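# Secondary and tertiary structure notes
In case you want the letters, here they are:
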Amino acid sequence: MNQVATNDPEPIRDEELISRTKDGDVSAFDELILRYTPRLYGLVYNMTFNNEDTNDLLQDVFAKAFRSIGGFKGKSSFYTWIHSIAVNMSINFIKKRGKRFNMSLDDIDSNIQFDKEFIEATTSTDPLRETNLQELQKKLNEVMLKLSNDHRAVVTMFDIQGMPHAEIAKILRVSEGTIRSRLFYAHRQLQTYLDEFKE
Amino acid sequence: MPEELPIQKLLRLKRYEQPPTGYPERFLAEFQRRQRTELIRKSPWQMFTEGMSDRLSQFRVGSLAYAATIAVAAVFSYQFLTQSSPTSPAASVASTATVAPAPSYIPQSTGPRVTIPGNAGTVPVSGKFSPTQYVLESHPVSHEHPFSF
């Protein structure tokens, strides 16, 4: 019985790519890099707000993941695993960088952009909305830049990445109450800045 | 559940942010280049320590405690087995020799000894005159005929 050939083959599952990587197939890990770089880029960028730092950190994240993949047992998804590596390394990086690094608006250039499918879906009825969306993104980045490192990390993980309070608390090694408190003050601060823009 | 603020709805838009087109491919090329460079630059010792630290970072407290318990148990078992195991004949002889009492017939003098021709024994010599001492056999001498039938 002949099978119907399709032009769109099923993507290889993560588990298989991981297994092949463990067996020494480096190209399988390359596939994982191509698959998860876009999602992790957003996470790291929103914590560092610097493109060069984001790129360097992501290189380190994937290098660490490659070295440690032998110990990956598959209890969680690959994305959850590498996501936690990226969060921890970004937090450590921000702590080391501290206040020595003065971010400017030049750092938040337009290197990061909205997903094309998302723009098409949201602006198909009104082309003007695309411009508004780009403007809104710029404003959001500007107000995020005004937050402290601790507050920005919490906002990134909770509001942008959608992580639960408990998981954030575990990663940052603080209580859930501290996370809620930081979120409350960060949201209030962000709202105030946005109101200023409206005026 | 608390009501969501407008700012939270706006922040959620950032979930759809993506790096520029072609970035993943460029990133991968750079990753491969960096890995090759590191392989050349790093010494085997550096690679070993890095690998070890990565592996150790995966350990949790539970598994560390488990490993420590096994290590302690192994040490105690080893000590117990070495103490209770029978010793070899050579070791047995050596230990007997060390604890055997000194023969009572050895003279107490610590001076140098001279050998007298025709005499089986030795005589200690000291600056002062000391009486000759004879070494007796360890079993009594008897002139009686043995009772052999």
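What you are looking at is a predicted structure, and each value in this text was computed from that prediction instead of being measured.

### Considerations on the overall build of chain A
Scanning chain A from terminus to terminus reveals nine helices and one strand. When its helices and strands are written in sequence order, chain A yields α-α-α-α-β-α-α-α-α-α. Taking all 199 residues of chain A together, 28% fall into the buried category. Long-range pairs, those at least 24 residues apart, make up 64% of the contacts in chain A with a sequence separation of at least 6.

### Some words on the packing of helix α3 (residues 51–68) of chain A against helix α4 (residues 78–97) of chain A
Residues and elements named next belong to chain A. The interhelical angle for the contact between α3 and α4, taken along N-to-C directions, is 130°, at an axis separation of 10 Å. Looking at the two axes, α3 sits oblique to α4. For the crossing formed where α3 meets α4, the hand is right-handed. Each of L57, D60, V61, K64 and A65 in α3 lies in contact with α4, whose residues at this interface are I82, I85, A86, M89, S90 and F93. Residue composition of the contact of α3 with α4, grouped by class: eight nonpolar, one polar and two charged.

### Focus: the interface of chain A and chain B
With 31 residues of chain A at the contact, the number on the chain B side is 25 residues. Elements with a minimum of two residues in the side of chain A that touches chain B: α2 (26–48), α3, β1 (113–114), α6 (128–145), α7 (149–160) and α9 (176–198) of chain A. No other element matches the eight residues that α2(A) contributes to the side of chain A that touches chain B. Among the residues forming the side of chain A that touches chain B, the class breakdown is 16 nonpolar, 10 polar and five charged.

### Topic: the nonpolar core
By size, the foremost hydrophobic cluster in this structure holds 39 residues, and its most contacted members are A:L40, A:V44, A:L58, A:V61 and A:V154. Elements with a contribution of two residues or more to this core: α2, α3, α4, α6, α7 and α9 of chain A together with α1 (6–12) of chain B. Tallying contributions element by element places α2(A) first for this core, with 10 residues.

### Some thoughts on α4(A)
All names here are of chain A. For α4, built from 20 residues, the straight-helix expectation of 28 Å at 1.5 Å per residue is met to within 8% by its first-to-last C-alpha distance of 28 Å. The complete set of buried residues in α4 reads W81, I82, H83, A86, V87, S90 and I94. Contact partners of the buried residues in α4: α2, α3, α7 and α8 (165–172).

### What about unusual backbone geometry?
A negative phi angle is the norm for most residues apart from glycine, just as the trans form is the norm for most peptide bonds. A positive phi angle, near 55°, is found at A:F49, a position not held by glycine. As for its placement among the helices and strands, A:F49 is situated in the loop between α2 and α3.

### With respect to the confidence of the model for chain B
Residue and element names in this part refer to chain B. A residue-level look at chain B finds 46% of positions with pLDDT of 70 or above and a mean pLDDT of 67. Of the regions scoring below 50 in pLDDT, residues 88–100 engages in one contact with residues more than four places distant in sequence or in other chains. Note on residues 102–107: pLDDT is under 50 here. Beyond four places in sequence and across chains, it has four contacts. The ipTM assigned to the predicted complex is 0.75, against a pTM of 0.60.

### Things to note about the packing of α2(A) against helix α2 (residues 23–41) of chain B
At a closest axis distance of 9 Å, the pairing of α2(A) and α2(B) adopts a crossing angle of 135°. Judged by the inter-axis angle, α2(A) sits oblique to α2(B). In the crossing of α2(A) with α2(B), the sense of the turn from one axis to the other is right-handed. Contacts from A:D30, A:I33, A:L34, A:T37 and A:P38 in α2(A) reach B:P24, B:F27, B:L28 and B:F31 in α2(B). Considering only residue class, the contact of α2(A) with α2(B) consists of seven nonpolar, one polar and one charged.

### Here's the deal with the environment of A:H151
Residue and element names in this part refer to chain A. With respect to the secondary-structure elements, H151 resides in helix α7. Residue class for H151 comes out partly exposed when judged on the 18 C-beta atoms lying within 10 Å of it. Placed 33 residues apart in sequence, H151 and F184 show a C-alpha to C-alpha distance of 9.5 Å. With residues up to four places along the chain from it excluded, the contact list for H151 reads R182, Y185 and A186.

Conventions used here
- Residues numbered from 1 in each chain as written.
- Chains lettered and ligands numbered in written order.
- Predicted model: local features only at pLDDT ≥ 70, side-chain atom pairs only at ≥ 80, totals over all residues.
- Helix = DSSP H or I, 4+ residues; strand = E, 2+ residues; numbered from the N terminus.
- Buried ≥ 20, exposed ≤ 12 C-beta atoms within 10 Å, placed from the backbone.
- Contact = placed C-beta atoms within 7 Å.
- Axes fitted to C-alpha atoms, helices over the stretch in contact; angles between N-to-C directions.
- Parallel < 35°, antiparallel > 145°, perpendicular 65-115°, else oblique.
- Left-handed = near helix turned anticlockwise from the far one by under 90°.
- Nonpolar A, V, L, I, M, F, W, Y, C, P; charged D, E, K, R; others polar.
- Core = buried A, V, L, I, M, F, W, Y, C linked by C-beta atoms within 7 Å.
- Expected span 1.5 Å × (residues − 1).
- pLDDT = per-residue confidence, 0-100.

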